[in-house]
Amino acid sequence: MSAGSIEIYDLRGLKCPLPVLRCRKRLSSMQQGEELLVETSDPLAIIDIPHMCREDGHSLLEMMPIGAGHRFRIRKA
């Protein structure tokens, strides 16, 4: 699924550490500079996703609450 040129990755319903593990795997298959929208419902994702971005060098462009979760916009390093 995509919104324009940004891919949407729905990880709602998954609990820690699965959102980070799956996000990391998806980013590994993407090209540098591509963006990924990640949607999660795990409350720990607001800590874990930014931490993963810092560890792996990706840019966390946006983090916003949505419904019962959060959406993250990440640019692959």
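Now for a quick tour of the structure.

### Re the overall build of the protein
Across its full length, the protein carries two helices and five strands. Listed N to C, the secondary structure of the protein is β-β-α-β-α-β-β in terms of helices and strands. Relative to a compact globule of 77 residues, whose C-alpha radius of gyration would be 11 Å, the protein shows 11 Å and is just as compact. Along the first, second and third principal axes, the C-alpha atoms of the protein reach 30 × 25 × 20 Å. Residue burial in the protein is summarised as follows: out of 77 residues, 35% are buried. Of the roughly 4,600 Å² of accessible surface on the protein, 53% is carried by carbon and sulfur atoms.

### A look at the pattern of salt bridges
For the structure shown, the criterion picks out eight salt bridges. Across the pair Glu35 and Arg75 runs a salt bridge whose closest N-O atoms are separated by 2.8 Å. Of this pair, Glu35 sits in strand β3 (residues 35-40) while Arg75 is found in strand β5 (residues 69-75), placing the two residues 40 residues apart along the sequence. Owing to a relative accessible area of 33%, Arg75 belongs among the partly exposed residues under this scheme. With a closest N to O distance of 2.6 Å, Glu39 and Arg71 form a salt bridge. Of this pair, Glu39 sits in strand β3 while Arg71 sits in strand β5; the two residues are 32 residues apart in sequence, bridging distant segments of the chain. Overall, the relative accessible area of 9% leaves Glu39 in the buried class. Among the ionic contacts, a cluster of salt bridges with common partners joins Asp10, Arg12, Glu39 and Arg71.

### Section: the packing of aromatic side chains
The tally for this structure, following the rule as stated, stands at zero aromatic pairs. Residue placement shows Arg26 over the ring face of Tyr9; its charged tip is 3.8 Å from the ring centre.

Each value, and the rule that gives it
- Residues numbered from 1 in each chain as written.
- Predicted model: local features only at pLDDT ≥ 70, side-chain atom pairs only at ≥ 80, totals over all residues.
- Heavy atoms only, no water.
- Helix = DSSP H or I, 4+ residues; strand = E, 2+ residues; numbered from the N terminus.
- Rg over C-alpha atoms; globule rule 2.2 N^0.38 Å.
- Buried < 20%, exposed > 50% of the residue type's maximum accessible area, 1.4 Å probe, protein only.
- Areas by Shrake-Rupley, 256 points an atom, 1.4 Å probe, with all protein chains shown as cover.
- Salt bridge = Lys/Arg side-chain N within 4 Å of Asp/Glu carboxyl O.
- Phe/Tyr/Trp six-rings, centres within 6.5 Å; stacked < 30°, edge-to-face > 60°.
- Lys NZ or Arg CZ within 6 Å of the ring centre and 35° of its normal.

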